[in-house]
There are 4 protein chains.
Amino acid sequence: MEKLLIAGGDMRQLYCGRRLSGKFEVSVTGFDVDMLPDGIAEENDGKCRYAVLPVPPLDESGNVNTPCFSGSMTVSDVKRRLAPDAVIFAGRVNDELRLLFDGYEVLDYMEREELSLRNAVPTAEGAVQIALEEMPVTLSGTKVLIVGMGRIGTALAEILKGFGADITAAVRNAKGAAKAALLGVKSVCTKEMPHGYGLVFNTVPSMIFGREELSRFGKDTLFIDLASKPGGIDLASAQELGMKVVWALGLPGKTAPVTAGEIIAETIKNMISERGE
Amino acid sequence: MEKLLIAGGDMRQLYCGRRLSGKFEVSVTGFDVDMLPDGIAEENDGKCRYAVLPVPPLDESGNVNTPCFSGSMTVSDVKRRLAPDAVIFAGRVNDELRLLFDGYEVLDYMEREELSLRNAVPTAEGAVQIALEEMPVTLSGTKVLIVGMGRIGTALAEILKGFGADITAAVRNAKGAAKAALLGVKSVCTKEMPHGYGLVFNTVPSMIFGREELSRFGKDTLFIDLASKPGGIDLASAQELGMKVVWALGLPGKTAPVTAGEIIAETIKNMISERGE
Amino acid sequence: MEKLLIAGGDMRQLYCGRRLSGKFEVSVTGFDVDMLPDGIAEENDGKCRYAVLPVPPLDESGNVNTPCFSGSMTVSDVKRRLAPDAVIFAGRVNDELRLLFDGYEVLDYMEREELSLRNAVPTAEGAVQIALEEMPVTLSGTKVLIVGMGRIGTALAEILKGFGADITAAVRNAKGAAKAALLGVKSVCTKEMPHGYGLVFNTVPSMIFGREELSRFGKDTLFIDLASKPGGIDLASAQELGMKVVWALGLPGKTAPVTAGEIIAETIKNMISERGE
Amino acid sequence: MEKLLIAGGDMRQLYCGRRLSGKFEVSVTGFDVDMLPDGIAEENDGKCRYAVLPVPPLDESGNVNTPCFSGSMTVSDVKRRLAPDAVIFAGRVNDELRLLFDGYEVLDYMEREELSLRNAVPTAEGAVQIALEEMPVTLSGTKVLIVGMGRIGTALAEILKGFGADITAAVRNAKGAAKAALLGVKSVCTKEMPHGYGLVFNTVPSMIFGREELSRFGKDTLFIDLASKPGGIDLASAQELGMKVVWALGLPGKTAPVTAGEIIAETIKNMISERGE
């Protein structure tokens, strides 16, 4: 069995390691011992063929990102554990990381489409959890707008149908409208700036809800922004207008760390398997 | 317009009052002023034809139950506001209350079937919120057991289908199995003591999960008990065995107070309407 | 193994027999040989402890109802095959049948609640099949009215949600509205005589759609009546007005005979099991 | 208002014309008069700016494809009705058609992605209608395999979930599995040649079910092939083995002609709108 090193990260990386431990001899470094879940132990000997780094892999000072470790861990600490032909898996790989691991193959698991697709479900569940926590009314019967019918919009629509929400998708064009119809969801054109919804999920990473658009919604409307930076809602205007906005970052790692870790594990398995190793 | 008095209670009673304010002249008493939501103001004059008391209506010392009031309110305080032919609406009416309001008609809104039916949806949503908060994995793909296919079991099944959970209903007999089939849900007989589920919702108010039954589940299983007292899970044994159990009391008032209050309001409207007034 | 006789009926009775053949020694009579499905053979010897008769059990001339038999079968023909303590299972038992089988215990499987509940799903599937066949537009996006939220209304709502139909339930009172909400379906009061739907399923056995009500719908509306006699649609007026009405009798036997037969078999098993035999 | 000519085709083209008649002055040619639905009349004067030809546009003898016309219509007949700058819309345009309409702009509405997406829903509904008609058991509880999680597979999964079918998607890779999970559907790898299903929908246009694969299924299994030519099921082997296979061609035109026609109309509207006319 090949050796694999989990080097830093949050609970996702630990659960990723636990999932991989059937197929690899897994070591863990960069975590306080009391953080380790059952079935994962720190081990210190042997050179590893594979290393898994977190998302993002480095912190601001250029060390490995170790939010679950009271100490700190340098890139050299990691390299000491690597076999000469080691392959590095990390999330959101940048040039700095490639330079620091010069000579090693560095692969980005966050760029894999199956990971994005798989993450859509736990992300949508986390977003619905936020909605349930923040709203004083039921999702049943609530008029919900989902902006964007991509992966996350699709997953949201599926879940919200079960709640009996009154769902509308905001889409850009005829193709988007057709995708919504495929899921049994009615749609409006984003440009028509729909309003009159009690709950809005944005999944599109461009500025959809500026001051003018926001001002057409009531103050009871809850906005949940799921778009990656810079997000799709003008937060400053929202604050001035007294609108309720949640910028839901860190999903799905926060709300479903086990599933998020297992998705990383399965993606890495696929990446290794495609290498023919 | 007839006068109606909201006398004590929690946010539900306030939202109930807000909902009724289109149809009645609503006064509020037994709340700190800063608790009052927009659209509801305390008023002190005039004798009321109807009064709405909370669930349960009295506290341990025999005063009106006023969890949102820093002072206290006696039954006499309420009576002073009542017209001679006033009708009292309260939740979980008992003999003590009837005695204290002797001479008035006292009706229980919690005993109305449409209220129980309507409460099932916000209760189920609250239960799913708990599951999302407590579980480190997604509901999607989780094996879920719903014990009982009554109102709440039905509402849970509808919601969880949207999540893509793998749902089984535990039912007592052929009729229960048929009800589950009606919702497209497979079923097992409760007596066969099913196990091997990641999440269990109990809705049946009799001791289903004693020590022996609990011990057949893994420690990763989350139990959420929605049954009214005494509940269906042996909490002492669960604690000894290290099982995760949430006894979800206070739903739906806690998680969806606006909806819960509006359901009370609609029920009271129906009760008044049936009196032909 | 006890002997059980399938005496007359349609394909349902044959599939019922096939299902029971693991648990009983099944004989068949009152069918042309070429109607018999695989796994069922006609046998002629031995006295039977149980006999299954069809729905209804007798034809107009007082013989056993044998639509799949080119000959005819009298009650005496059946009696000749019965043990002295035989139990007769039949559907829609009337006094005539009880008289003809005087001295035997006669039980009605159609009166069992689990059978009605179980039949709701195949009945609803058959009704949806009719809608798909008759309508030149998709169910997706069609405005559908379901009159009645009982067993069949519930099963219809579940199926039609999957199609992305725009479903409204017509209900009589607050309780019905609450039942609809439980399934995530909006509702209107039957008395308000809703109109403007492309497809209407009636499940209520009382005259809901008289001439005046029908005339408020467009001629493109398809009405499917699932109520037992006398039905809920004034067929004469519908014809005069040129409305499209399908009175869907014979479901689920016609559209899902295997399932319908197995439901009868399971019901008879339960009835025998409850006798403690 | 611009003039638009519907030239030949089936009911879809007529309903397409009816839908376009609000926005264009629509003429119809190549249909027997008694085929024309309400709201569509044959007109013969004036040169048309747009012409809509059927799918495929030509018959075997090189005339326009006119299955609803007892006469025949040549390409010259159509040209006589065209303005010099006319635009031709047709389905499955080939070189022959381009040559015959040399000098005119010829566009293919069947190649538009929004049309394929929109057609998925009526195609899936038609396929489910076939399943309901052919199967003697309910879809509820039936083990269903959907091969391919593209547009049609997605639409099928949505519908069949409502029926309470036990759905599995057969997918090629991790991305397909992730797409299935997005819809809350479990999946298997196509290569593992899944078997043991009562109903199989194939949507993939490559030979998935050869003799060997087919022979692993029982004879009660119903196969419905929705893939375009050459289809994904070896029909000759299926026949030899006595398997039940329906090759569902002509969907959605046959089962939902109004919807199919309206989808063509909306697509043509989009195509014209994108031209900036």
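None of these values were measured; they are calculated from a predicted model. (Residues numbered from 1 in each chain as written. Chains lettered and ligands numbered in written order. Predicted model: local features only at pLDDT ≥ 70, side-chain atom pairs only at ≥ 80, totals over all residues.)

## Concerning the overall build of chain A
Next up, step 1: Each helix and strand counted, chain A has nine helices and 11 strands in total.
Next up, step 2: Each principal axis of the C-alpha distribution contributes one length, and for chain A these read about 60 × 40 × 35 Å.
Next up, step 3: Sorting the 277 residues of chain A into buried and exposed places 57% on the buried side. (Helix = DSSP H or I, 4+ residues; strand = E, 2+ residues; numbered from the N terminus. Buried ≥ 20, exposed ≤ 12 C-beta atoms within 10 Å, placed from the backbone.)

## Points about the nonpolar core
Next up, step 1: In terms of nonpolar packing, the biggest core is built from 388 residues, with Ala-51 of chain A, Ala-51 of chain B, Ala-51 of chain C together with Ala-51 of chain D touching the most fellow members.
Next up, step 2: In terms of residue count, the dominant contributor to this core is helix α4 (residues 113-134) of chain C (10 residues). (Core = buried A, V, L, I, M, F, W, Y, C linked by C-beta atoms within 7 Å.)

## Some thoughts on the relation of the copies chain A and chain D
Next up, step 1: Rotating chain A by 180° and moving it 0.0 Å along the rotation axis overlays it on chain D with an RMSD of 0.1 Å. What we have between these two chains is a two-fold relation.
Next up, step 2: In this assembly the copies share their binding face: 100% of the residues contributing to the interface of chain A also contribute to that of chain D. (Least-squares fit on C-alpha atoms with pLDDT ≥ 70 in both. Contact = placed C-beta atoms within 7 Å.)

## Looking at the relation of the copies chain A and chain B
For the pair of chain copies, the relating operation is a rotation around an axis with a shift along it.
Next up, step 1: Each copy superposes on the other: chain A lies on chain B with an RMSD of 0.1 Å after a rotation of 180° and an axial shift of 0.0 Å.
Next up, step 2: Taken as a fraction of all interface residues of chain A, those also at the interface in chain B reach 100%, which identifies the copy contact as same-surface.

## Overview of the confidence of the model for chain A
Next up, step 1: Considering every residue of chain A, the mean pLDDT works out to 92; 99% of them sit at 70 or more.
Next up, step 2: Model confidence for the complex: the whole-complex pTM is 0.92, and ipTM, which rates the interface, is 0.92. (pLDDT = per-residue confidence, 0-100.)

## Observations regarding the domain arrangement of chain A
Next up, step 1: For chain A, the assigned domains read domain 1 (3-111) and domain 2 (120-247).
Next up, step 2: Between the C-alpha centres of domain 1 of chain A and domain 2 of chain A there is a distance of 36 Å. (Domains from an automatic or database assignment.)

## Description of the interface of chain A and chain B
Next up, step 1: Listed by partner, the interface residues are 23 residues for chain A and 23 residues for chain B.
Next up, step 2: Put simply, the parts of the chain that give the side of chain A that touches chain B at least two residues each are α4 (113-134), α5 (151-162) and α9 (257-274) of chain A.
Next up, step 3: Per-element accounting of the side of chain A that touches chain B gives the leading share, six residues, to α4 of chain A.
Next up, step 4: The residue inventory of the side of chain A that touches chain B, partitioned by class, reads 12 nonpolar, seven polar and four charged. (Nonpolar A, V, L, I, M, F, W, Y, C, P; charged D, E, K, R; others polar.)

## Notes on the interface of chain A and chain D
Where interface size is quoted, it is often the accessible area lost as the parts come together.
Next up, step 1: Contacts between the two partners involve 19 residues from chain A, matched on the other side by 19 residues from chain D.
Next up, step 2: Of all elements in the fold, only α4, α5 and α6 (174-182) of chain A reach the threshold of two or more residues within the side of chain A that touches chain D.
Next up, step 3: Of the residues belonging to the side of chain A that touches chain D, the class tally is nine nonpolar, three polar and seven charged.

## Quick look at the packing of α4 of chain C against helix α4 (residues 113-134) of chain D
Next up, step 1: As a packed pair, α4 of chain C and α4 of chain D sit with axes 10 Å apart at the nearest point and diverge in direction by 130°. Relative to α4 of chain D, α4 of chain C is oriented oblique. Note that α4 of chain C runs across α4 of chain D; the crossing there is left-handed. Where α4 of chain C approaches α4 of chain D, its residues Glu-125, Gln-129, Leu-132 and Glu-133 of chain C are matched on the opposing element by Glu-125, Gln-129, Leu-132 and Glu-133 of chain D.
Next up, step 2: When grouped by side-chain class, the residues that make up the contact of α4 of chain C with α4 of chain D number two nonpolar, two polar and four charged. (Axes fitted to C-alpha atoms, helices over the stretch in contact; angles between N-to-C directions. Parallel < 35°, antiparallel > 145°, perpendicular 65-115°, else oblique. Left-handed = near helix turned anticlockwise from the far one by under 90°.)

## Some words on helix α9 (residues 257-274) of chain B
All names here are of chain B.
Next up, step 1: A rise of 1.5 Å per residue sets the reference length of α9, with its 18 residues, at 26 Å; its end C-alpha atoms lie 26 Å apart and thus fit the reference within 8%.
Next up, step 2: Of all the 18 residues making up α9, 14 are buried; the element is thus mostly covered by neighbouring parts of the structure.
Next up, step 3: Just downstream of α9 lies Gly-276, where phi reads positive at about 75°. (Expected span 1.5 Å × (residues − 1).)

## So, the pairing of strand β8 (residues 186-189) of chain A
Next up, step 1: As paired strands, strand β7 (residues 166-171) of chain A and β8 of chain A are joined by four bridges and run parallel to one another. Bridging from a neighbouring strand, Val-171 of chain A pairs with Cys-189 of chain A of β8 of chain A. (Pairing = 2+ DSSP bridges.)

## Structural notes on the environment of Leu-20 of chain C
Residue and element names in this part refer to chain C.
Next up, step 1: Relative to the assigned elements, Leu-20 resides in helix α1 (residues 11-20).
Next up, step 2: Separated by 242 residues in sequence, Leu-20 and Glu-262 have C-alpha atoms that sit 8.4 Å apart.
Next up, step 3: Setting aside anything within four residues of it in sequence, one finds Leu-20 in contact with Leu-4, Val-26, Ala-265 and Ile-268.

## Describing α4 of chain D
Next up, step 1: Compared with an ideal rise of 1.5 Å per residue, which puts 22 residues at 32 Å, α4 of chain D spans 31 Å between its outermost C-alpha atoms and is within 8% of the ideal.
Next up, step 2: Most of α4 of chain D sits inside the fold, with 17 of its 22 residues counted as buried.

## Focus on the environment of Lys-79 of chain C
Next up, step 1: Looking at the element boundaries, Lys-79 of chain C is found in helix α2 (residues 75-79).
Next up, step 2: Of the residues examined, Lys-79 of chain C has 16 C-beta atoms within 10 Å and is grouped as partly exposed.

## A word on the sheet that holds strand β1 (residues 3-7) of chain D
Residue and element names in this part refer to chain D.
Next up, step 1: In space, the five strands of this open sheet follow the order β2-β1-β3-β4-β5, with parallel pairing throughout. Bordering the open sheet on either side are β2 (25-29) and β5 (105-108), each of which pairs with just one other strand. Averaged over all pairs of adjacent strands, the angle between their axes in this sheet comes to 25°, without regard to strand direction.
Next up, step 2: In the packing of helix α1 (residues 11-20) onto the sheet, the strands contacted are β1, β2 and β3 (48-52), and the crossing angle to β1 comes to about 165°.

## Description of unusual backbone geometry
Next up, step 1: With omega at -15°, the peptide bond leading from Val-55 of chain C into Pro-56 of chain C counts as cis.
Next up, step 2: Turning to its location among the elements, Pro-56 of chain C is positioned in the loop between β3 (48-52) and α2.
Next up, step 3: We note that Arg-92 of chain A has phi near 60°; this positive angle belongs to a residue other than glycine.
Next up, step 4: Along the chain, the position of Arg-92 of chain A falls in the loop between β4 (82-90) and α3 (95-100).
Next up, step 5: Classification of Arg-92 of chain A by C-beta neighbours within 10 Å gives partly exposed; the count is 14.

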